[in-house]
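Summary of structural features
Each chain is listed here by its residues.
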Amino acid sequence: MLTHPPAQLTAVTSRQYAGQNVAQACPKFSQYAPTRTLRFSNPNLELLAKPCAIVLLALPHGVAAEFAVPLNNAGVRVIDPRTGRLMVMSAEDNIVKGASGQAVQSLNVMCGYPETAGLL
């Protein structure tokens, strides 16, 4: 999502990396300026709902549902392609292959962007 033209990454969460910036926790992304200032925080639904229009979840399905429902109720878009709602499941080490890459590709198609926009 760092290279997706209309996307702005405003929050990242991780219990493991809380307090570290994205460039420290994921050095392969340090070439992108936002990663040097954007810091991981502990997951907090209320804080995520304020600055975000869309939240990308990287959680097991059962846990993702626990986050998705309240976020959706707060007006944050969480789309699941199976139901017509955007629910993007991703993991840092699986961003180009598997479900996360498919989710970004689906988002691109839904929004009319080139299919490969934002994929590293």
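Per chain, the residues get numbers from 1 upward, laid out in the order the sequence is written. Confidence filtering applies because this is a predicted model: local features only for residues at pLDDT of at least 70, side-chain atom pairs given and counted only at 80 or more, and all residues used for totals across whole chains, interfaces and linings. Side-chain metrics rest on all non-hydrogen atoms present in the structure, leaving aside hydrogens and water.

**Brief notes about the side chain of S14**
Tracing the backbone through its elements, the reader meets S14 in the loop between β1 (12-13) and α1 (22-25). Polar contacts, as counted here, are pairs of nitrogen or oxygen atoms within 3.5 Å of one another; within protein the pair requires one atom able to donate a hydrogen and one able to accept it, and residues that are adjacent in sequence qualify only if both atoms are side-chain atoms. In this structure the side chain of S14 is engaged in a polar contact, spanning 3.2 Å, whose partner is the backbone nitrogen of Q16. Side-chain polar atoms of S14 contact the backbone nitrogen of Y17, separated by 3.0 Å. For this analysis, residues touch if any pair of their heavy atoms sits within 4.5 Å. S14 has contacts with F40, S41 and N42, leaving out every residue within four places of it along the chain. Working definition: helices are DSSP H or I runs of at least four residues, strands are E runs of at least two. Numbering for both runs from the N terminus.

**Description of the side chain of T35**
Here T35 shows up in helix α2 (residues 34-37). Think of it in three bands: with a 1.4 Å probe and only protein chains considered, a residue is buried below 20% of the maximum accessible area for its type, exposed above 50%, and partly exposed in between. A relative accessible area of 1% means that T35 is categorised as buried. Polar contacts involving the side chain of T35 include one to the main-chain carbonyl oxygen of F29, which spans 3.0 Å. Discounting residues that sit within four places of it in the chain, T35 has contacts with L2, N21, V22, A23, F29 and S30.

**Describing the packing of aromatic side chains**
Centres within 6.5 Å make a pair out of two Phe, Tyr or Trp rings, where for Trp the six-membered ring is used; the pair is then stacked when the planes are under 30 degrees apart, edge-to-face when over 60, and tilted otherwise. For the coordinates displayed, the defined rule picks out one aromatic pair. With a centroid separation of 5.7 Å and an interplanar angle of 40°, the aromatic rings of Y17 and F40 are classed as tilted. Remark: F40 occurs in strand β2 (residues 40-41) and Y17 occurs in the loop between β1 and α1; sequence separation between them is 23 residues. Overall, F40 belongs to the buried group, its relative accessible area being 12%.

**Observations concerning the nonpolar core**
Side-chain atoms within 4.5 Å link the members of a nonpolar core, which is a set of buried Ala, Val, Leu, Ile, Met, Phe, Trp, Tyr and Cys residues. Core analysis: the biggest nonpolar cluster contains eleven residues, these being L48, A49, C52, V55, L57, A64, F67, A68, L71, V76 and V78. Only α3 (45-49) and α4 (61-73) provide two or more residues apiece to this core. Top contributing element to this core by residue count: α4, with four residues. With near-sequence residues (within four places) excluded, A49 lies in contact with L71, A74 and V76.

Geometric descriptors of this kind do not, in isolation, establish any biological role.
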